[in-house]
Amino acid sequence: MRDSLSDMSHHQMPEDQQLRQYFAAVDKDRSGLINGAELQSALSNGTFNAFNLDTVHLMISMFDTNKKGTISLEEFGRLWRYITDWLNCFRSFDADNSGSIDAKELATALQSFGYRFSPEFYTSLTTRFEGRIHFDDFLKICIHLQSLTQEFRKYDTDLDGVITVSYEQFISLVFAIVLRRH
């Protein structure tokens, strides 16, 4: 099963019947819902290791409409599309086809999304991942970056990329992201 999901069926959406089969294979307890541990066991980050559990929980929280920490078949389908799209994106920026992204490739990716950071930022970020960012961590970075940007924009009313916030506002901003997934 892990090979099927990590390959993402050649980067396209599977037919409904195939998606149901994937869902059933992942739903180990036959509850009709997939939890974080079940999803993690089905996904590979491209290194034959399971997805980072934090990334799995972030993804579930994005698609879990009833906020119970599980996803249904319908939500699984939307998650599949989301992962497939991000996997295609990741591979398009993995210029050397190494299966991971270095600081230069990360800069290219984030700049294409409209972000402008210093070279030191990219180096610092990739250093946290031992110099190479695998797919699951790339996804985690992009999800957090999007959430942080949304929260930042609430304070950046003139859209100049600069805000002045009190300590309490800063903590509120951070907690809005950190606690959103719980």
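Right above here is the structure, for reference.
Residues numbered from 1 in each chain as written. Predicted model: local features only at pLDDT ≥ 70, side-chain atom pairs only at ≥ 80, totals over all residues. Heavy atoms only, no water.

### A closer look at unusual backbone geometry
At R30, a position not held by glycine, the phi torsion is positive, near 55 degrees. Secondary-structure assignment places R30 in the loop between α2 (16-26) and β1 (34-35). Overall, R30 belongs to the exposed group, its relative accessible area being 60%. One non-glycine residue, L159, lies in the positive phi region at around 55 degrees. By secondary structure assignment, the location of L159 is in the loop between α8 (135-155) and α9 (167-178). A residue is classified by how much of its surface remains accessible, and L159, at 64% relative accessible area, is exposed. (Helix = DSSP H or I, 4+ residues; strand = E, 2+ residues; numbered from the N terminus. Buried < 20%, exposed > 50% of the residue type's maximum accessible area, 1.4 Å probe, protein only.)

### Observations concerning the nonpolar core
L39, M59, F76 and F138 are the most contacted members of the largest nonpolar core, which totals 42 residues. Those elements that provide at least two residues to this core are α2, α3 (36-42), α4 (53-63), α5 (73-93), α6 (103-112), α7 (119-127) and α8. Among the elements that line this core, the one with the most residues is α5, at ten residues. The residues contacting M59, other than those within four sequence positions of it, are L39, L43, F51, L79, I83, L139 and I143. (Core = buried A, V, L, I, M, F, W, Y, C linked by side-chain atoms within 4.5 Å. Contact = heavy atoms within 4.5 Å.)

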